[in-house]
Amino acid sequence: MDIIISNASDKPIYEQIVSQMKALILSGGLDEGQQLPSIRTLASDLRISVITTKRAYAELEAQGFIETVQGKGSFVAGGNKELLREERLRAIEGLLVQAADEARAANVTVQELHDMLALIAESDDR
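Residues numbered from 1 in each chain as written. Predicted model: local features only at pLDDT ≥ 70, side-chain atom pairs only at ≥ 80, totals over all residues. Heavy atoms only, no water.

**Points about the pairing of strand E1 (residues 66-69)**
Spelled out, the test is: Any two strands between which DSSP finds at least two bridges are classified as paired. Only runs of H or I of at least four residues qualify as helices and only runs of E of at least two qualify as strands under DSSP, and these elements are numbered from the N terminus.
The pairing of E1 with strand E2 (residues 73-76) spans four bridges and is antiparallel. If you follow Ile-66 over to E2, its bridge partner there is Val-76. Once E1 ends, the chain turns through three residues before running back antiparallel as E2, passing Gly-71 with a positive phi of about 80°.

The structure is reproduced here in structure tokens:
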């Protein structure tokens with residue numbers, strides 16, 4: 001699992017871990033039921049405090065992305081397809097808001113924006 005911690009980021013380290021693990025889960029980089037590294041192992045690998053890693057795992061569990069089984073470890077939560085879909089929809093909505101703002105600033109009509117989206121969605125070039 002590739003998690004990169006940036007000391008230059010304005011985001012706290014635990015939030016960097018949370019966002020990167022969520023991205024891995026949402027993209028399929030981590031499969032449902034897959035065991036995660038132990039809190040101590042991840043802390044050691046990232047050269048950070050166990051407390052920071054524990055906080056990240058607690059946040060991921062609170063959001064429903066992982067489940068922790070006492071004595072066995074933490075796993076990517078199962079049965080959360082709808083949760084993952086909602087998370088992805090929120091991300092898409094955020095990107096569409098940005099696109100709409102840019103379109104307004106460039107005097108692009110809603111119809112032109114629809115046409116652009118349709119062309120992009122149908123494109124095989126990606």
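Still more ground to cover, so stick around.
**Structural notes on the packing of aromatic side chains**
Stated formally: Each pair of aromatic rings taken from Phe, Tyr and Trp, with Trp reduced to its six-membered ring, is defined by centres within 6.5 Å and is described as stacked if the planes are under 30 degrees apart, edge-to-face if over 60, and tilted in the remaining cases. Two conditions define a charge located above a ring, namely a distance within 6 Å from the ring centre to NZ of Lys or CZ of Arg, and an angle within 35 degrees of the ring normal.
Under the definition given, this model contains zero aromatic pairs. Sitting over the face of the ring of Tyr-14, Arg-55 holds its NZ or CZ atom 3.8 Å from the ring centroid.

**What to know about the packing of helix H2 (residues 39-46) against helix H3 (residues 50-62)**
Two quantities define a packed helix pair, namely the angle between the axes and the distance from one axis to the other. Worth spelling out the cut-off: Interaxial angles span 0 to 180 degrees and are taken between N-to-C directions of axes, which are lines fitted to C-alpha atoms, for helices over the stretch in contact. Oblique is the label for any angle not covered by the other classes, which are roughly parallel (under 35 degrees), roughly antiparallel (over 145) and roughly perpendicular (65 to 115). The crossing is said to be left-handed when, going from far helix to near helix, the turn is anticlockwise and less than a right angle, and right-handed when the turn is clockwise. Contact criterion: two residues are considered in contact whenever any of their non-hydrogen atoms come within 4.5 Å of each other.
It is the contact of H2 with H3, at a shortest axis distance of 8 Å, that shows an interaxial angle of 120°. With respect to each other, H2 and H3 are oriented oblique. Our pair here, H2 against H3, has a crossing hand that is right-handed. Counting all contacts with H2, which are made through Ile-39, Arg-40, Leu-42 and Ala-43, the residues of H3 involved are Val-50, Thr-53, Lys-54 and Tyr-57.

**Observations regarding the layout of surface pockets**
Empty space among the atoms becomes apparent when a probe as large as a water molecule is rolled across them. Quick note on the threshold: Here a cavity means grid points, on a 1 Å grid over the protein atoms only, where a 1.4 Å probe fits yet cannot get out; a pocket means an open set of points with protein on both sides within 12 Å along at least five of seven lines; lining residues are those with an atom within 4 Å of a point. Grid points are joined across faces, edges and corners, and a volume is the space filled by probe spheres set on the points.
By volume, the largest pocket is sized at about 170 Å³. Leu-96, Ala-99, Leu-113, His-114, Met-116, Leu-117 and Ile-120 together form the lining of the largest pocket. Elements represented by at least two residues in the lining of the largest pocket include exactly helix H4 (81-105) and helix H5 (110-122). Broken down by element, the residue count for the lining of the largest pocket peaks at five residues, all from H5.

**Brief notes about H2**
Counted only if it meets this: The rule is simple: take the accessible area with a 1.4 Å probe, protein chains only, and divide by the maximum for that residue type; under 20% is buried, over 50% is exposed, in between is partly exposed. The directions considered for the arc run from the helix axis to the C-beta atoms.
Residues of H2 that are buried include every one of Leu-42, Ala-43 and Leu-46, and no others. All buried residues of H2 lie within an arc of 100° about the axis, which places them on one face of the element. Opposite its buried face, H2 presents the exposed residues Arg-40, Ser-44 and Asp-45, each directed more than 90 degrees away. Where H2 is buried, its residues contact helix H1 (13-27) and H3.

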